[in-house]
Amino acid sequence: SAVISQKPSRDICQRGTSLTIQCQVDSQVTMMFWYRQQPGQSLTLIATANQGSEATYESGFVIDKFPISRPNLTFSTLTVSNMSPEDSSIYLCSVVGAREEDYNEQFFGPGTRLTVL
Amino acid sequence: AQTVTQSQPEMSVQEAETVTLSCTYDTSENNYYLFWYKQPPSRQMILVIRQEAYKQQNATENRFSVNFQKAAKSFSLKISDSQLGDTAMYFCAFMKGGSTLGRLYFGRGTQLTVWP
């Protein structure tokens, strides 16, 4: 399995500010994913982060609002820019297991609970 | 486009009883995978069970089993001998095979409560 940590675990921010969320994996992985889970809702994919290339964003999400970095195979950041109360959500990163026995299993970080006032 | 539908927003079951959570999906793909994830109040997403579409045999993991009906595009989860620790939100998820491996499509979830 892959062990994923996220920082911060939670934060309360003022509108108009930005927050960068970090995701660290204990093994090298090709693809990392960022999901948003709004209160009481399911998970929605924001973007796929590949090392060495631009992130691929899903419909409704743009790079200016959610810039992503992927400097190496174990780390990624997601920035939530110019925040508004509608950005209050849990943000989760995930990876697909790299080992043969993990193939096709997706592992999730513990999530970052963001509240925007 | 892929869609996943969970028609039961909430379910409850008494401890030691059996409960079945429903999931249907829509896809034109032939190569795909289906998952059930559990999200307890801690928010951690935990994989419960996985099914490869090319496998006819239903997946089983201890007290958890699925009824995979490929033609009907149905993927229900049965929890036997329910335990208080099974209380959580359960998400059904779909993943295409091939080059887009890893991108999950989630249903809206079913909140399961196990009571003593």
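Residues numbered from 1 in each chain as written. Chains lettered and ligands numbered in written order. Predicted model: local features only at pLDDT ≥ 70, side-chain atom pairs only at ≥ 80, totals over all residues. Heavy atoms only, no water.

**Student:** What's the story with the overall build of chain B in this structure? I'm lost.
**Tutor:** Scanning chain B for helices and strands turns up 0 helices and 12 strands. The order of α-helices and β-strands along chain B, N terminus first, is β-β-β-β-β-β-β-β-β-β-β-β. A globule of 116 residues ought to have a C-alpha radius of gyration of about 13 Å, and chain B, at 14 Å, matches this closely. Expressed along its principal axes, the backbone C-alpha trace of chain B runs to roughly 45 × 30 × 20 Å. (Helix = DSSP H or I, 4+ residues; strand = E, 2+ residues; numbered from the N terminus. Rg over C-alpha atoms; globule rule 2.2 N^0.38 Å.)

**Student:** Mind showing me how you'd approach the overall build of chain A here?
**Tutor:** Looking only at helices and strands, chain A has 0 helices and 11 strands in total. Start at the N end of chain A and walk to the C end: the helices and strands fall as β-β-β-β-β-β-β-β-β-β-β. For 117 residues, the compact-globule formula gives about 13 Å, and the C-alpha radius of gyration of chain A, at 14 Å, lands near that figure. Each principal axis of the C-alpha distribution contributes one length, and for chain A these read about 45 × 25 × 25 Å. Residue burial in chain A is summarised as follows: out of 117 residues, 51% are buried. Surface summary for chain A: the accessible area is close to 5500 Å², and the carbon and sulfur share equals 48%. (Buried < 20%, exposed > 50% of the residue type's maximum accessible area, 1.4 Å probe, protein only. Areas by Shrake-Rupley, 256 points an atom, 1.4 Å probe, with all protein chains shown as cover.)

**Student:** I keep staring at the state of the cysteines and nothing clicks. Help me out?
**Tutor:** Defined simply, a disulfide is a covalent bond joining two cysteines at their sulfur atoms. Inspection of every chain in the model, using the stated rule, returns 2 disulfides over all chains. There is a disulfide in this structure between A:Cys23 and A:Cys93, and the S-S distance comes to 1.9 Å. Residues A:Cys23 and A:Cys93 share a disulfide whose torsion about the S-S bond is about 70°; that sign makes it right-handed. On the criterion of sequence distance, the pair formed by A:Cys23 in strand 3 (residues 19-25) and A:Cys93 in strand 9 (residues 89-96) is long-range, its members being 70 residues apart. With respect to class, A:Cys23 is no different from A:Cys93; both count as buried. Disulfide pairing places B:Cys23 opposite B:Cys92 at an S-S distance of 2.0 Å. Measuring the twist about the S-S bond at about -70°, one finds the B:Cys23-B:Cys92 disulfide to be left-handed. Taken together, the positions of B:Cys23 in the loop between strand 3 (19-21) and strand 4 (24-26) and B:Cys92 in strand 10 (residues 88-96) put the pair 69 residues apart, joining distant regions of the chain. (Disulfide = S-S within 2.5 Å.)

**Student:** Just to check I follow, could you spell out the pattern of salt bridges for this structure?
**Tutor:** Side-chain pairing between opposite charges can occur once the charged atoms of the two side chains come close. Per the counting criterion, the structure on display carries 5 salt bridges over all chains. Across the pair B:Arg103 and A:Glu58 runs a salt bridge, and its minimum N-O distance is 2.7 Å. Of this pair, B:Arg103 sits in the loop between strand 10 and strand 11 (104-106) while A:Glu58 sits in the loop between strand 6 (56-57) and strand 7 (68-72), on two different chains. A:Glu58 gets classed as partly exposed once you look at its relative accessible area, which sits at 21%. (Salt bridge = Lys/Arg side-chain N within 4 Å of Asp/Glu carboxyl O.)

**Student:** Whenever I open this one, the sheet that holds strand 1 (residues 4-7) of chain A confuses me. Can you help?
**Tutor:** The pairing of strands in a sheet comes from backbone hydrogen bonds and takes either a parallel or an antiparallel form. Residues and elements named next belong to chain A. Strand order in the open sheet formed by 4 strands is 1-3-8-7, and the pairing between neighbours is antiparallel. Looking at which strands have only one partner, the edges of the open sheet turn out to be strand 1 and strand 7. Averaged over all neighbouring strand pairs, the angle between strand axes comes to 15°, with direction disregarded. Bridge count for strand 1 against strand 3 is 4 bridges, and the pairing is antiparallel. Looking at the pairing, Ser 5 lines up with Gln 24 of strand 3. (Pairing = 2+ DSSP bridges. Axes fitted to C-alpha atoms, helices over the stretch in contact; angles between N-to-C directions.)

**Student:** Can you help me understand the interface of chain B and chain A in this one?
**Tutor:** Often, the extent of an interface is quoted as the loss of accessible area on bringing the components together. Residue-level contacts link 19 residues of chain B with 25 residues of chain A. Linking chain B with chain A are 1 salt bridge, by the criterion used here. Every element with two or more residues in the side of chain B that touches chain A is listed here: strand 5 (32-39), strand 6 (46-52), strand 10 and strand 11 of chain B. When residues of the side of chain B that touches chain A are assigned to their parent elements, the largest contribution, 4 residues, is made by strand 5 of chain B. Residue composition of the side of chain B that touches chain A, grouped by class: 10 nonpolar, 5 polar and 4 charged. (Contact = heavy atoms within 4.5 Å. Nonpolar A, V, L, I, M, F, W, Y, C, P; charged D, E, K, R; others polar.)

Function-wise, these values are silent; they only describe arrangement.
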